[in-house]
Amino acid sequence: MPSQTAKELLANVNGLTPERAQQVADDIDECRRLLATCADMDAVQQHLKDQGVGIVQAILITTRLLGDHPSRLLAAREIVEGSPARTTTTPE
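Only a predicted model underlies this, so the values are computations on that prediction, with no experimental measurement involved. (Residues numbered from 1 in each chain as written. Predicted model: local features only at pLDDT ≥ 70, side-chain atom pairs only at ≥ 80, totals over all residues. Heavy atoms only, no water.)

J.: Sorry if this is basic, but what is going on with the environment of threonine 63 here?
T.: Topologically, threonine 63 is positioned in helix α4 (residues 55-65). Once the C-alpha coordinates of threonine 63 and isoleucine 79 are considered, the two residues, 16 residues apart in sequence, prove to be 9.8 Å apart. (Helix = DSSP H or I, 4+ residues; strand = E, 2+ residues; numbered from the N terminus.)

Here's what the structure looks like:
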C-alpha cells in the first residue's frame, strides 16, 4: 500500500512508477525525521549523497521538505547545488 507521500508524488510527478514513488517517499520521510533531530539542510544533503541519491532526485526530495515555500523549486535547486556535499573541491 503506497504511503500518503507516495500518493502525492504519483499525482504530481509524471513518469514515476508506484514502486519508485514509494522509494522517493521513503527518502522524503527519512529526511524529515533527520530534520526533526535538529540536523540542518546540509546534513540532509550529505545524507542523500551518502545514500547515492542523484542531484535531480535530491532536488525533488528537497522541494517536498520545503513545504509551501513560494519558490520551492528554485530554493531546492540552490540548496542541493550549493550544498558542501555536492560541491567538489580539487586538491591544490
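J.: Would you take a moment to explain the packing of helix α3 (residues 41-50) against α4 for this structure?
T.: Packed helix pairs are specified by the crossing angle of their axes together with the interaxial distance, meaning the distance between the axes. One way to put it is that α3 packs onto α4 with a least axis distance of 11 Å and a crossing angle of 145°. Crossing geometry of α3 relative to α4 is assigned as right-handed. Contacts between α3 and α4 involve Met41, Val44, Gln45 and Leu48 on the former and, on the latter, Ala58, Ile61, Thr62 and Leu65. Considered class by class, the residues forming the contact of α3 with α4 number 6 nonpolar, 2 polar and no charged. (Axes fitted to C-alpha atoms, helices over the stretch in contact; angles between N-to-C directions. Left-handed = near helix turned anticlockwise from the far one by under 90°. Contact = heavy atoms within 4.5 Å. Nonpolar A, V, L, I, M, F, W, Y, C, P; charged D, E, K, R; others polar.)

J.: Can you help me understand unusual backbone geometry in this one?
T.: Only a minority of non-glycine residues have a phi that is not negative, and only a minority of peptide bonds are not trans. Within the chain, cysteine 38 stands out as a residue other than glycine whose phi angle is a positive 75°. Tracing the backbone shows cysteine 38 in the loop between α2 (18-36) and α3.

J.: Could you clarify how one ought to interpret the pattern of salt bridges in this entry?
T.: Any two side chains of opposite charge can pair, so long as their charged atoms come close to each other. Enumeration according to the criterion identifies 3 salt bridges in this entry. For glutamate 8, the salt bridge goes to arginine 64, with nearest N and O atoms at 3.3 Å. Of this pair, glutamate 8 sits in helix α1 (residues 4-12) while arginine 64 sits in helix α4; the two residues are 56 residues apart in sequence, bridging distant segments of the chain. Glutamate 8 sits in the partly exposed class, given a relative accessible area of 27%. (Salt bridge = Lys/Arg side-chain N within 4 Å of Asp/Glu carboxyl O. Buried < 20%, exposed > 50% of the residue type's maximum accessible area, 1.4 Å probe, protein only.)

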